[in-house]
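Survey of secondary and tertiary structure
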Amino acid sequence: LKRMDYSHIKASSPGLVKIQSTTLGSAASEIDLDSTFSDYRVHLFVIHEMTPATDNVQPCLRVKMNGSIYAPGSNEYGTYSEAGAQASTQFLLSHSGVGNNTSGSTIFEDYSGHFYLVGHEVNRRVRIWGGASHGDNGSDKKGFAFGGGVNASETYVVQGVRLFFSSGNINSCTFTHYGVTN
């Protein structure tokens, strides 16, 4: 009877591995996270307290492929929520506008949420799904789930993501990228 040497077996358990995070120190038109996506099949992104400079704007996302942000002239991104299907030139991470704390209320109207990204490999379609909440420009609270995909060329791999508002700058935000282990 031989004994097995277990010292060479690497223990692994499901969880999250932080890849990168950025917190805005001053207003910016967008936040880019460029990462190696090949180490994980599933990626989680967390958006915390994203506040717009312009009132009543939608948070948006685009993917980076083949060295540049994929910004098609036609509606290649599709996002779906309880508001229905929305074809656009970017993922729409909310079906309603986010307030910028100018409604006269002392309640913050920022956006916080998360989304998963899969299909970033060659010959796959990029897909996202997630949920978020925020205050609109009347300080009414909004919460929703969303999902979607992009009809980008399957011959490219995702190399990063860009977070931005439909108009104006991002005044504040923490944007974090995790790899999901299984």
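What this report covers is the structure whose coordinates are included nearby. Per chain, the residues get numbers from 1 upward, laid out in the order the sequence is written. Local features in this predicted model are restricted to residues of pLDDT 70 or higher, and side-chain atom pairs are both shown and tallied only at a pLDDT of 80 or more, whereas totals for entire chains, interfaces and linings draw on every residue. Just so you know, side-chain values use all the structure's heavy atoms and leave hydrogens and water out.

The way it works is that DSSP assigns letters per residue, a run of H or I at least four long becomes a helix, a run of E at least two long becomes a strand, and they are numbered from the N terminus. Here threonine 89 is to be found in the loop between β7 (84–88) and β8 (91–92). In sequence terms threonine 89 and cysteine 60 are 29 residues apart; their C-alpha atoms lie 9.5 Å from each other. The residues contacting threonine 89, other than those within four sequence positions of it, are Arg62, Pro72, Gly73, Ser74, Asn75 and Tyr77. A polar contact is formed between the side chain of threonine 89 and the side chain of glutamine 90, at a distance of 3.2 Å. In what follows, residue pairs with any heavy atoms lying within 4.5 Å of each other are defined as contacts. We define a polar contact as two N or O atoms separated by no more than 3.5 Å, with the added condition that, inside protein, one atom must be a possible hydrogen donor and the other a possible acceptor, whereas residues neighbouring each other in sequence contribute only through side-chain atom pairs.

On to the pattern of salt bridges. Two side chains of opposite charge can pair, provided their charged atoms sit close to one another. Every case where a carboxyl oxygen of Asp or Glu lies within 4 Å of a side-chain nitrogen of Lys or Arg is listed as a salt bridge. Taken as a whole and judged by the stated rule, the model has three salt bridges. Across the pair arginine 162 and aspartate 32 runs a salt bridge whose closest N-O atoms are separated by 2.6 Å. Here aspartate 32 lies in strand β2 (residues 30–34) and arginine 162 lies in strand β12 (residues 158–165), a separation of 130 residues in the sequence. The shortest N-O distance in the salt bridge between aspartate 136 and lysine 142 comes to 3.8 Å.

Turning to the sheet that holds β7, a few remarks are in order. The rule for pairing is simple: two strands pair if DSSP sees at least two bridges between them. Taken in spatial order, the eight strands line up as β1-β13-β3-β9-β10-β11-β6-β7 in an open sheet, and their pairing is antiparallel. Since the sheet does not close on itself, it has two edges, and those belong to β1 (15–23) and β7, each with one partner. Recorded for the sheet is a direction-independent mean angle of 20° between the axes of neighbouring strands. Inspection of the sheet shows strand β10 (residues 127–135) paired to strand β11 (residues 141–150) by nine bridges, in the antiparallel sense. Of the residues in β11, the one forming a bridge with serine 133 is glycine 143. Structural elements are reduced to axes, namely lines fitted to C-alpha atoms, with helices fitted over the stretch in contact, and the angle between N-to-C directions of any two is expressed from 0 to 180 degrees.

Turning our attention to the nonpolar core. Buried Ala, Val, Leu, Ile, Met, Phe, Trp, Tyr and Cys residues form a nonpolar core when they are joined through side-chain atoms within 4.5 Å. Only protein chains enter the accessibility calculation, which uses a 1.4 Å probe; a residue whose area is less than 20% of its type maximum is buried, one above 50% is exposed, and one in between is partly exposed. Within the largest apolar cluster, 33 residues are counted, with the highest numbers of intra-cluster contacts made by Ile47, Leu93, Tyr111, Val161, Cys173 and Phe175. Broken down by element, this core gets its largest block of residues, four residues, from β12. The residues contacting valine 161, other than those within four sequence positions of it, are Ile31, Asp32, Leu33, Phe37, Phe45, Leu61, Arg62, Val63, Lys64, Leu117 and Phe175.

Given two aromatic rings, one states the distance between the centres and the angle between the planes to describe the pair. By convention, a stacked pair of Phe, Tyr or Trp rings (six-membered ring in the case of Trp) has centres within 6.5 Å and planes under 30 degrees apart, an edge-to-face pair has planes over 60 apart, and any other such pair is tilted. In this structure the tally under the stated criterion is seven aromatic pairs. Seen in terms of ring centroids, tyrosine 77 and phenylalanine 91 are 4.9 Å apart; in terms of plane orientation they differ by 75°. Their pairing is edge-to-face. Note that tyrosine 77 is positioned in strand β6 (residues 77–81) and phenylalanine 91 in strand β8, a separation of 14 residues in sequence. Phenylalanine 91 matches tyrosine 77 in its accessibility class, with the two residues each being buried. Summarising the aromatic geometry, the rings of phenylalanine 144 and phenylalanine 146 are spaced 6.2 Å apart at their centres and angled 45° between planes, so their arrangement reads as tilted. Taken as a pair, phenylalanine 144 and phenylalanine 146 share a single burial class, namely buried. Three or more aromatic residues joined by ring pairs make a cluster, and in this case those are Phe37, Phe45, Phe115 and Phe175.

Right, let's get into unusual backbone geometry. Non-glycine residue glutamate 49 carries a positive phi angle of around 50°. Here glutamate 49 shows up in strand β3 (residues 42–52). Phi at asparagine 56 is positive, roughly 65°, even though this residue is not glycine.

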